[in-house]
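Read off the chains here:
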Amino acid sequence: MNCSRRAFLKTGGMLAGAALIPGAALLESFSPKELTLQWVLDHFKVTENELRKVMAIAMENGGDYADIFFEHTLDNMLVLRDGKVNSTSSNIDFGVGIRVIKGDQTGYAYTENVTVLDMIKAARIAAKIANGITGVKSMNINEVPFKKNYYNVISSWEETEVKAKKPYLQKINDRIFSFDKRVSRVIVSQTDSTSYILFFNSDGVLMHDYRPMGTLSATCIMEQKGQIENGRSARAYRMGAEFLTDDLVETVSQEAVKQTALMFDAIKPKGGEMPVVMGAGGSGILLHEAIGHAFEADFNRKNTSIFSDKLGKKVCDSSISVLDDGTIPFNRGSVNVDDEGVLGQKTYIVKDGVLNSYLHDRISAKHYGVAPTGNGRRQSFRFTPIPRMRATYMENGNAHEEDMIASVKRGIFVDNFTNGQVQIGAGDFTFFVKSGYLIEDGKLTRPIKDINIIGNGPKALSDITMVANNYKMDNGTWTCGKDGQSCPVTCGMPSVLVSKLTVGGENA
Amino acid sequence: MIKKEQKELARWAMQYALKKGCQECRVGIFSGSESSFEVRDTQLDKLQQAEENQMVLYLFVDGRYGAISTNRMDRRELEKFIADGVTSVRFLAEDPARKLPDPSLYFSGSEASLELYDPKFQSVSADEKLKLAKSAATEIYGSDSRIISVSSAYGDTENFAYIVASNGFEGESATSSFGVSVSVSVKGDGDARPESYWYDESLTWEGLQKQGVGKKALERALRKMGQSKIQSGKYQMLVENMAVRTLLSPLISAINGSSIQQKNSFLLDKIGQKVVADKITLVDNPLLPKALGAKCFDREGIATKKRNVFEHGVLQTYFIDSYIANKLNVEPTTGSPSVLYFDKGNYSQQELIGKMLKGILVTGFNGGNCNSSTGNFSYGIEGFLIENGELKQPISEMNITGDMLTLWSNLAEIGNNPLKSSSWQLPTLLFDSVDFSGL
């Protein structure tokens, strides 16, 4: 039970034991275009009056606020192994979570049986967090529509059969083998997920969302003169089955082969402190780890973040602005509405070098007397929402990547990462570099691989000395872990020069 | 416990799958409950309570395979779910290696002999649980002016499983666990707020440590004050028992049957060869009574056995489930380890520190990874500089880098302090000549 660390993993998506569903939904099937609030209420077999009744129980001990979160998620996975698409799995998760808040305190219970009786039982457990007198108030139910749907679906995953998905996996396998004779094994995995969400809170807010997700990943194993190496490529979007295209197949296939082939010539650098040029795209992991987590307001509310006293203060060069954004169309981290009924939005964490806003859920927003920022997210109805990132990225600067590289006498260039982590209080963060290059006398020379980089958040932020104009979002299968909950996220970045980080390596 | 009607439902689902076209089928029913109490600065911060159920079906259809799972237990819905699942599996390519295990490998008997479930589980009151969560925090709250925040938690779970397979397996298991944890943040140098934690976990309420968890967490946080990095170089490395798992995991992944079958392992074709230091005899003993992670049968129903993973540095086994066994044309062992421990070492952690002239005690890892093909690794670390047998200075923001087989070949000593609050009961370990990157 490690309470002090946040893991940021780039994984294949689904957990063992989860996955596969056939062509049709288990419950009522529908076309996303027709999704109405009434349809979703019917789907969960609940009426507005029943919601009122359960809410009254949740608030009966004098809670300040309560919400009811219904979820029905269908996950599927299809796997190609040893040249054939030969396993499938699927999982259905269905239930409702009831939360009561009193001050900063939370009572929470969930049930897999969405009957009024079971919901009342859960509401009574959650209500125990408060111990005052009745808090029932008359309530007008108010359906809150989205400003915009950031992930409109053309073909729902539920209507897409295994036989329609299968050829894409087979094509990736065949393309990868055709590119390089050293390829010995290929594993391709395609996952999709569809969630129906219904949300109701004690302010009378009633919302629903339909959340699609598709991922495609390929792992390539190559052998050369007895040496084995592996490489991976993956993409993930909040999209329906239109996500699967021949272009995507080609991109993933080429990237997996390229990443793997590079490893044979790569070395470990000499370790120690040195300048690091972080290439555009996946280097956004630096933002996620070095500052993103430390700006999540729960850590600051509890005064345990190294940035706890820094709101409104200058934390880096004034050319730097960092955002956390839930509104990028089809992005893996986007949310029409977060998991506590707050509309998706775009939040400047750092604006012109000044710490502008923490990332808030309802509890922290109330604590700080500000509006929530739409960052209250949860893994499923089994968890309470907490402040989480969405798509975290840095805006473009004016420098050029080649000038950054040219300015470094001895250092490294990195652009491909597998995972990262941070210690919120000490500020020490790390990320693992799958591949990159040495920089010697201003030029990229030998490829490097498999090294960890470690730094300190506030220091690293102030050590960013150049920001390029080549911003790129990394649309890989990034999954962020915090307090035992996984959340889909993304990160992006223009190339930056960090003047000093500690690079793992050999000292021989 | 799994109720009689749940067992009937599992058997019904199996029969229904067979009727819909499966030649073989295995069904698992899993149910459990959990409760937790989180306390911040001695006040209740969050309480949570829930029960859950899941059914998993493994479908073997015309030489093809798929798995489906759901928490919807309504028979009418299950009928559609199973029928659709069978239809989906029929779209796949054939895979002759997919079949149920040979029935002669199945466990028959009762798992109760391992004593993995505390019969008192339901009788511990919510008040007692909350009291324990609070007392773990109050034992340190306000005791030191440098404390910024103390979070403590009590949590328990009970898990029940019932597995039935169409070629004759039927097995049942019950486990309980109780845990208490405390994390502490303290005011450090500048803006830094060093934090640390401690926890205990036990299968029984009686076995759970009720006092001292908070004190240990505070001690671990305070000793981090003034962390800094030191000169890069090769040092002896002592790894605390809490942290050893990070270094052992890549070795265990490398002998996982799937990695071997995919030829993606640095321990490929190494059975019977000496690959790590002589001192290493690592045992997997799933049948250790009252141990976290113990089990009589694995998820396929195959009876577990005690086996040596490494014996005096020589690799003895791979972890092979029935699918991989069929692919490789070998006998299955079991898909994954259960309870791992080293042959007991001779020295306490303090004695090992005392033996070191200059080296680094690693108390925790911060990120990093290991290349599963080559065994090349690099991890962030924190801990202490040791000089002349004493802790000299807390360190952080450094990396260790190397390759797994060289690291484990350089194992110098094994501690006598296996971590009993984990299924991998690993002790403190001393390694020679490890590359540290810092200044």
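Residues numbered from 1 in each chain as written. Chains lettered and ligands numbered in written order. Predicted model: local features only at pLDDT ≥ 70, side-chain atom pairs only at ≥ 80, totals over all residues.

Chemist: Explain the overall build of chain A to me, please; I cannot follow it from the model alone.
Modeler: Scanning chain A from terminus to terminus reveals 10 helices and 24 strands. Its C-alpha atoms give chain A a radius of gyration of 24 Å, within 12% of the compact-globule value 23 Å for 508 residues. Taking the principal axes of the C-alpha coordinates as reference, chain A spans close to 70 × 55 × 40 Å. Within chain A, the fraction of its 508 residues that count as buried is 62%. Pairs at least 24 apart in sequence give 77% of the contacts found in chain A among residues at least 6 apart. (Helix = DSSP H or I, 4+ residues; strand = E, 2+ residues; numbered from the N terminus. Rg over C-alpha atoms; globule rule 2.2 N^0.38 Å. Buried ≥ 20, exposed ≤ 12 C-beta atoms within 10 Å, placed from the backbone. Contact = placed C-beta atoms within 7 Å.)

Chemist: Help me out: how do you make sense of the overall build of chain B in this one?
Modeler: Check the secondary structure of chain B and you find nine helices and 17 strands. At 24 Å, chain B has a C-alpha radius of gyration in line with the 22 Å of a compact globule built from 439 residues. Considering chain B as a whole, with its 439 residues, one finds that 54% of them fall into the buried category. Once local pairs closer than 6 in sequence are excluded, the contacts in chain B between residues at least 24 apart make up 71%.

Chemist: Where do I start with the nonpolar core in this structure?
Modeler: Most often, soluble globular proteins have nonpolar side chains that are buried together. Counting 209 residues, the largest nonpolar core has Val276 and Ile412 of chain A together with Ala13, Ala17, Leu57 and Leu59 of chain B as its most contacted members. Mapping this core onto the domain boundaries places at least three of its residues in each of domain 1 (4-222) and domain 2 (227-439) of chain B. Excluding residues within four positions of it along the chain, isoleucine 412 of chain A makes contact with Pro269, Met274, Val276, Gly436, Tyr437, Leu438, Ile439, Ile448 and Val503 of chain A. Counting residues in hydrophobic clusters, the runner-up holds 67 residues, among them Phe44 and Phe200 of chain A together with Ala153 and Leu218 of chain B. (Core = buried A, V, L, I, M, F, W, Y, C linked by C-beta atoms within 7 Å. Domains from an automatic or database assignment.)

Chemist: How should I be thinking about the interface of chain A and chain B in this particular structure?
Modeler: How big an interface is tends to be stated in terms of accessible area lost as the parts join. Taken together, the 78 residues of chain A in the interface contact 75 residues of chain B. Top contributing element to the side of chain A that touches chain B by residue count: strand 3 (residues 84-102) of chain A, with 12 residues. Grouping the amino acids of the side of chain A that touches chain B by side-chain chemistry returns 25 nonpolar, 36 polar and 17 charged. In this sheet, strand 2 (residues 43-61) of chain B lies alongside strand 4 (residues 105-111) of chain A in parallel orientation, the contact comprising five bridges. Looking across to strand 2 of chain B, one finds that alanine 109 of chain A is bridged to glutamine 49 of chain B. (Nonpolar A, V, L, I, M, F, W, Y, C, P; charged D, E, K, R; others polar. Pairing = 2+ DSSP bridges.)

Chemist: Just to check I follow, could you spell out the domain arrangement of chain B for this structure?
Modeler: All names here are of chain B. In terms of domains, chain B is made up of domain 1 (4-222) and domain 2 (227-439). With centres defined by C-alpha atoms, the gap from domain 1 to domain 2 works out at 25 Å. The interface is formed by 24 residues belonging to domain 1 together with 19 residues belonging to domain 2. Those elements that provide at least two residues to the side of domain 1 that touches domain 2 are strand 4 (147-165), strand 5 (170-186) and strand 6 (195-202). Of the residues contributing to the side of domain 1 that touches domain 2, the split by class is 13 nonpolar, five polar and six charged.

Chemist: It is not clear to me how the environment of serine 189 of chain A should be interpreted in this structure. Could you clarify?
Modeler: Structurally, the position occupied by serine 189 of chain A is in strand 6 (residues 183-201). The exposure class of serine 189 of chain A is buried, given the 23 C-beta atoms found within 10 Å.

Chemist: For this particular structure, what's the right way to read the sheet that holds strand 11 (residues 346-351) of chain A?
Modeler: Residues and elements named next belong to chain A. Spatially, the six strands line up as an open sheet ordered 12-11-10-15-23-20, and their pairing is mixed. Only two strands of the sheet have a single neighbouring strand rather than two, namely strand 12 (354-355) and strand 20 (472-474). In this sheet, strand 12 lies alongside strand 11 in antiparallel orientation, the contact comprising two bridges. Across the sheet, the residue bridging to valine 350 is leucine 355, located in strand 12.

Chemist: Looking at this model, I keep getting lost on the confidence of the model for chain B. Mind explaining?
Modeler: Close reading of the predicted structure is inappropriate where its pLDDT is low. Here chain B averages 94 in pLDDT, and 100% of its residues register 70 or above. With pTM at 0.91, the complex prediction returns an ipTM value of 0.90. (pLDDT = per-residue confidence, 0-100.)

Chemist: What should I look at first to understand the sheet that holds strand 8 (residues 282-284) of chain B in this one?
Modeler: Consider a sheet: its strands pair through backbone hydrogen bonds, and that pairing is either parallel or antiparallel. Residues and elements named next belong to chain B. Reading across from one edge, 10-9-8-11-16 is the order of the five strands in this open sheet, with mixed pairing throughout. Strands at the two margins of the open sheet, each flanked by one partner only, are strand 10 (314-315) and strand 16 (424-425). As paired elements, strand 11 (residues 340-342) and strand 16 share two bridges and run parallel to each other. Across the sheet, residue tyrosine 341 finds its bridge partner in strand 16, namely glutamine 425.

Chemist: Looking at this structure, how should I read helix 2 (residues 48-58) of chain A?
Modeler: Each α-helix winds once per 3.6 residues, and so residues spaced three or four apart point in a common direction. Residue and element names in this part refer to chain A. Considered for burial, the residues of helix 2 that qualify are Leu51, Val54, Met55, Ile57 and Ala58. One side of helix 2 carries all its buried residues, which in axial view fall inside an arc of 155°. The inward-facing, buried residues of helix 2 abut strand 2 (65-81), strand 3, helix 3 (116-127) and strand 6. (Arc of directions from axis to C-beta.)

Chemist: In this structure, what is going on with unusual backbone geometry? I would like to understand it.
Modeler: Glycine aside, residues mostly have negative phi, and peptide bonds are mostly found in the trans state. Positive phi outside glycine occurs at aspartate 82 of chain A, with the angle close to 55°. Along the polypeptide, aspartate 82 of chain A turns up in the loop between strand 2 and strand 3. Assessed through the 15 C-beta atoms surrounding it within 10 Å, aspartate 82 of chain A is described here as partly exposed. The backbone of asparagine 329 of chain B sits at a positive phi, close to 60°, despite the residue not being glycine.

Chemist: Help me out: how do you make sense of the pairing of strand 4 of chain A in this one?
Modeler: Residues and elements named next belong to chain A. Where burial is concerned, most of strand 4 is hidden: six out of the seven residues are buried. With seven bridges joining them, strand 3 and strand 4 adopt antiparallel strand pairing. What sits directly across from valine 96, in strand 4, is threonine 111. Counted between consecutive antiparallel strands, the loop separating strand 3 from strand 4 contains two residues, among which glycine 103 sits at a positive phi close to 60°.

Chemist: What's the story with helix 4 (residues 213-222) of chain B in this structure? I'm lost.
Modeler: All names here are of chain B. Along helix 4, the residues classified as buried are Val213, Gly214, Ala217, Leu218, Arg220 and Ala221. What you see down the axis of helix 4 is that its buried residues fit within an arc of 165°, all on one side. Those residues of helix 4 that are buried are in contact with helix 3 (126-138), strand 4, strand 5 and strand 6.

Chemist: Looking at this model, I keep getting lost on the environment of arginine 223 of chain B. Mind explaining?
Modeler: Residue and element names in this part refer to chain B. One can find arginine 223 in the loop between helix 4 and strand 7 (233-239). Arginine 223 sits in the partly exposed class, given 15 other C-beta atoms within 10 Å. Arginine 223 sits 37 residues away from valine 186 along the chain, and the two C-alpha atoms are 10 Å apart.

Chemist: What am I meant to see in the packing of helix 4 (residues 162-179) of chain A against helix 5 (residues 246-265) of chain A here?
Modeler: In a packed pair of helices, the relevant descriptors are the angle between the two axes and the axis-to-axis distance. Residues and elements named next belong to chain A. At their nearest, the axes of helix 4 and helix 5 sit 9 Å apart, and the two run at 40° to each other. The orientation of helix 4 relative to helix 5 falls into the category oblique. In this structure, the crossing between helix 4 and helix 5 has a hand that is right-handed. Listed contacts from helix 5 to Tyr168, Lys171, Ile172, Arg175, Ile176 and Phe179 of helix 4 are Val249, Glu250, Val252, Ser253, Ala256 and Val257. Tallied by class, the residues present in the contact of helix 4 with helix 5 amount to eight nonpolar, one polar and three charged. (Axes fitted to C-alpha atoms, helices over the stretch in contact; angles between N-to-C directions. Parallel < 35°, antiparallel > 145°, perpendicular 65-115°, else oblique. Left-handed = near helix turned anticlockwise from the far one by under 90°.)

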